[in-house]
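The lines below spell out each chain.
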Amino acid sequence: PDHLHALIQIPERYKLTHVIGSWKGYLARNLNIRWHRGFFDHRIRRCESLNEKWNYIVMNPVRACFVTQPKDWPHRWAPEGTDDRPRSS
């Protein structure tokens, strides 16, 4: 894996660039991760879009032929109780 996908929710009072920058800085210092500069973001405004993005993220290692099922991807995390199967819109 050479990149990261994440669905996160932050309060509107925080700037996404600051949150991501702080998080990447923390991981760089503590886990010696070297990041590319910048990131690509997409603000989700509708439930259908959330499902679309969730499916893209969950299926990404399957499309790349790293695993045959999303649940087999070892480099994933989801809050307890979250279903990592693709969702219908």
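What counts and what doesn't
Residues numbered from 1 in each chain as written. Predicted model: local features only at pLDDT ≥ 70, side-chain atom pairs only at ≥ 80, totals over all residues. Heavy atoms only, no water. Helix = DSSP H or I, 4+ residues; strand = E, 2+ residues; numbered from the N terminus. Phe/Tyr/Trp six-rings, centres within 6.5 Å; stacked < 30°, edge-to-face > 60°. Buried < 20%, exposed > 50% of the residue type's maximum accessible area, 1.4 Å probe, protein only. Expected span 1.5 Å × (residues − 1). Bend = angle between axes of the 7 residues up to and from the residue.

J.: Outline the environment of Lys-71, supporting the account with residue identities and numerical values.
T.: Looking at the secondary structure, you find Lys-71 in the segment after helix H2 (47-63). For the pair Lys-71 and Pro-61, spaced 10 residues apart in the sequence, the C-alpha separation amounts to 10.0 Å.

J.: Outline the packing of aromatic side chains, supporting the account with residue identities and numerical values.
T.: Taken as a whole and assessed by the stated rule, the structure comprises two aromatic pairs. The interplanar angle of 45° and the centroid separation of 5.7 Å between the aromatic rings of Trp-23 and Trp-35 together place this pair among those described as tilted. Of the two residues, Trp-23 sits in helix H1 (residues 16-31) while Trp-35 sits in the loop between H1 and H2, which places them 12 residues apart along the sequence. Judged by relative accessible area, Trp-35 falls into the partly exposed class, the value being 33%.

J.: Could you give me a rundown of unusual backbone geometry, with the residues and numbers involved?
T.: Residues other than glycine seldom take positive phi values, yet Asn-32 does so here, at roughly 55°. With respect to the secondary-structure elements, Asn-32 resides in the loop between H1 and H2. The phi torsion at Cys-65 lies on the positive side, around 65°, for a residue other than glycine. With respect to the helices and strands, Cys-65 occurs in the segment after H2. Accessibility expressed as a relative area gives 67% for Cys-65, which makes it exposed.

J.: Run through H2, naming residues and quoting values.
T.: Relative to the 24 Å expected for 17 residues at 1.5 Å per residue, H2 spans 23 Å between its end C-alpha atoms, a close match to the ideal helical length. The sharpest bend along H2 measures roughly 30° and falls at Ile-57, with the proline Pro-61 sitting one to four residues further on. Residues of H2 that are buried: Ser-49, Asn-51, Trp-54, Asn-55, Val-58, Asn-60, Pro-61 and Val-62. Immediately beyond the C-terminal end of H2, within one or two residues, lies Cys-65, with a positive phi of roughly 65°.

In short, shape yes, function no, at least from these values alone.
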